[in-house]
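Structural overview for review
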Amino acid sequence: RFEDKNEVRGRMAEIVKKLAAGATFFDGTHVFTPHNDVPDDSALRLIVLSPEQFYSREEPRLAHEAVLNYVRTNGTKPRYRGNRLLFLAPDHGVLTRLRDCIRVALAWNSIVEDVAAMRLVLDNLQSEQAKKELNGAEDVLPRVARECFKWLLCPSQESPTGKPSVETFALNTGGAALGSEIERVCLDN
């Protein structure tokens with residue numbers, strides 16, 4: 001019963017915002033923010049692309065077009081400091097798993113809330129089981145989100161008149177926190 005556009009996407013944004021909170025390397029982090037709401041200033045900014053702008057090795061076009069659109073435009077006017085933007089894109093293969101995990105967590109949360117509001121009557125054992133399942137489902141979410149948002153996309157341009165392109169770097173999803181992993185990849189490359 002949970003819709004992708006509302007509940008699932010909102011919960012996904014919350015999870016990714018928490019993951020990206022450790023990225024002190026950036027002056028601003030924008031989660032699922034449209035290009036017209038990202039300021040065009042000299043601050044280094046991390047933009048987390050929405051689930052619709054996923055990256056796939058087989059079909060990188062969606063993510064690359066989104067990156068180039070952010071770099072070129074700031075709403076209806078051109079962007080002048082597109083070189084101050086870096087992008088984090090979700091992996092197409094893991095995106096479905098993340099959505100399913102979010103739906104499971106939302107469902108268990110709904111059950112626990114219904115029991116607390118006395119809209120649903122369960123015995124003590126069942127109520128504790130629901131709380132345990134909710135905690136388990138919530139614990140899985142940051143790990144799956146980390147596996148999903150693993151592509152760092154960096155716009156580049158060889159010469160001032162050349163055509164802009166997008167370089168893709170895979171982040172290590174099993175290592176350090178997301179913020180420090182992004183910093184490491186940026187400094188290495």
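Residues numbered from 1 in each chain as written. Predicted model: local features only at pLDDT ≥ 70, side-chain atom pairs only at ≥ 80, totals over all residues. Heavy atoms only, no water.

1. Regarding the layout of surface pockets
In this model, the largest pocket occupies a volume close to 210 Å³. Lining the largest pocket are Leu68, Val71, Arg72, Gly82, Asn83, Leu85, Leu86, Cys154, Pro155, Ser156, Gln157 and Pro164. In terms of residue class, the lining of the largest pocket is built from seven nonpolar, four polar and one charged. (1 Å grid on protein atoms, 1.4 Å probe; cavity = no way out; pocket = protein on both sides within 12 Å on 5 of 7 lines; lining within 4 Å. Points joined across faces, edges and corners; volume = space filled by probe spheres on them. Nonpolar A, V, L, I, M, F, W, Y, C, P; charged D, E, K, R; others polar.)

2. Some words on the packing of aromatic side chains
Centre distance and the angle of the planes are the two values used to describe a pair of aromatic rings. Evaluated as defined, the whole model comprises four aromatic pairs. Summarising the aromatic geometry, the rings of phenylalanine 25 and phenylalanine 26 are spaced 5.6 Å apart at their centres and angled 90° between planes, so their arrangement reads as edge-to-face. The class for phenylalanine 26 is buried, based on a relative accessible area of 7%. (Phe/Tyr/Trp six-rings, centres within 6.5 Å; stacked < 30°, edge-to-face > 60°. Buried < 20%, exposed > 50% of the residue type's maximum accessible area, 1.4 Å probe, protein only.)

3. Concerning the nonpolar core
Grouped together as the largest cluster of nonpolar side chains are 37 residues, with contacts concentrated most on Met12, Leu88, Leu98, Ile102, Phe149, Leu152 and Ile182. Going through the elements one at a time, helix 1 (4-20), strand 2 (45-48), strand 5 (85-90), helix 3 (92-116), helix 4 (124-148), strand 6 (149-156) and helix 5 (178-188) are the ones with two or more residues in this core. Among the elements that take part in this core, helix 3 stands out by supplying seven residues, more than any other. Residues within four places of leucine 98 in sequence aside, it is in contact with Met12, Leu141, Val144, Ala145, Cys148 and Phe149. If you look at the next biggest cluster of nonpolar residues, it comprises 16 residues, including Leu49, Val67, Leu68 and Leu85. (Core = buried A, V, L, I, M, F, W, Y, C linked by side-chain atoms within 4.5 Å. Helix = DSSP H or I, 4+ residues; strand = E, 2+ residues; numbered from the N terminus. Contact = heavy atoms within 4.5 Å.)

4. What about helix 4?
An ideal rise of 1.5 Å per residue puts 36 Å on 25 residues; helix 4 measures up with 36 Å between its terminal C-alpha atoms. Considered for burial, the residues of helix 4 that qualify are Ser127, Ala130, Leu134, Ala137, Leu141, Val144, Ala145, Arg146 and Cys148. Considering only its buried residues, helix 4 is in contact with helix 1, strand 5, helix 3, strand 6 and helix 5. Residue aspartate 123 occupies the N-cap position of helix 4, its side-chain oxygen lying 3.2 Å from the main-chain nitrogen of leucine 125. (Expected span 1.5 Å × (residues − 1). Polar contact = N/O pair within 3.5 Å; in protein donor to acceptor, adjacent residues only side chain to side chain.)

5. Quick look at the sheet that holds strand 2
Taking strand neighbours across the sheet as the criterion, the five strands line up as 1-2-5-6-7 in an open arrangement whose pairing is mixed. The open sheet has two free edges, formed respectively by strand 1 (28-31) and strand 7 (165-170), since each of these has just one partner strand. The sheet shows a mean angle of 25° between the axes of neighbouring strands, taken without regard to direction. Where strand 2 and strand 5 come together, four bridges link them in parallel fashion. Directly across from leucine 46, in strand 5, lies its bridge partner leucine 86. Running at roughly 35° to strand 6, helix 5 makes contact with strand 2, strand 5, strand 6 and strand 7 of the sheet. (Pairing = 2+ DSSP bridges. Axes fitted to C-alpha atoms, helices over the stretch in contact; angles between N-to-C directions.)

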